[in-house]
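Secondary and tertiary structure notes
As a plain string of letters, each chain reads:
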Amino acid sequence: MSCPAEHDPVYRAASPDVLRIVPLDAFTAIYHRASGITHLVAPPAPEILAALAPAGLTLTGLIVRLAQDYDLLDADEDALAARLDELVAAGLVSTA
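First things first, this report covers the structure right here in the doc.

Parameters at a glance
- Residues numbered from 1 in each chain as written.
- Predicted model: local features only at pLDDT ≥ 70, side-chain atom pairs only at ≥ 80, totals over all residues.
- Heavy atoms only, no water.
- Helix = DSSP H or I, 4+ residues; strand = E, 2+ residues; numbered from the N terminus.
- Rg over C-alpha atoms; globule rule 2.2 N^0.38 Å.
- Buried < 20%, exposed > 50% of the residue type's maximum accessible area, 1.4 Å probe, protein only.
- Contact = heavy atoms within 4.5 Å.
- Areas by Shrake-Rupley, 256 points an atom, 1.4 Å probe, with all protein chains shown as cover.
- Lys, Arg positive; Asp, Glu negative; His and termini not counted.
- Charge placed at Lys NZ, Arg CZ, Asp CG, Glu CD.
- Pairing = 2+ DSSP bridges.
- Axes fitted to C-alpha atoms, helices over the stretch in contact; angles between N-to-C directions.

Re the overall build of the protein
- Scanning the protein from N- to C-terminus turns up three helices and five strands.
- Going residue by residue from the N terminus, the α and β elements of the protein occur as β-β-β-β-α-α-α-β.
- By the compact-globule yardstick of 12 Å for 96 residues, the protein fits well, its C-alpha radius of gyration being 13 Å.
- The dimensions of the protein, computed from C-alpha atoms along their principal axes, are 35 × 30 × 20 Å.
- A burial count over the protein gives 31% of its 96 residues as buried.
- In the protein, the share of contacts with a sequence separation of at least 24, taken over all contacts with a separation of at least 6, comes to 48%.
- Summed over its atoms, the accessible surface of the protein is roughly 5,900 Å², and 56% of this surface lies on carbon and sulfur atoms.
- In the protein, which carries 5 positive and 13 negative side-chain charges, the distance between the mean positions of the two groups comes to 12 Å.

As structure tokens, then:
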């Protein structure tokens, strides 16, 4: 895992008033009010959104937060970055 740098982007989940999140067994439906699109996601997407919701985190900070809340056996920074890129493309997460 790399060390955080000052230029690392901070990822933020969309505001809770913009998202309607409904767990559906193994999947979670997320209605994005701003776009009118409903996304059907699987873990770890809901967990990532929940971890980012309070204030936003860098990639490294997100791994640390997820490791505190979940039993991560081998945190893969590249895999998490790919999931974040997907959530950004869907409009559910933004970067600063």
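Overview of the sheet that holds strand β2 (residues 19-24)
- Read across the open sheet, the three strands follow the order β2-β3-β4; overall the sheet is antiparallel. Bordering the open sheet on either side are β2 and β4 (37-41), each of which pairs with just one other strand. Between one strand axis and the next, the sheet turns by 20° as a mean value, whatever way the strands run.
- Both strand β3 (residues 27-32) and β4 contribute to a ladder of five bridges, which runs antiparallel. Residue pairing for β4: His32 is matched across the bridge by Ile37.

Topic: the environment of Ile63
- By secondary structure assignment, the location of Ile63 is in helix α2 (residues 59-69).
- C-alpha of Ile63 to C-alpha of Ile48: the two residues are 15 residues apart in sequence and 9.4 Å apart in space.

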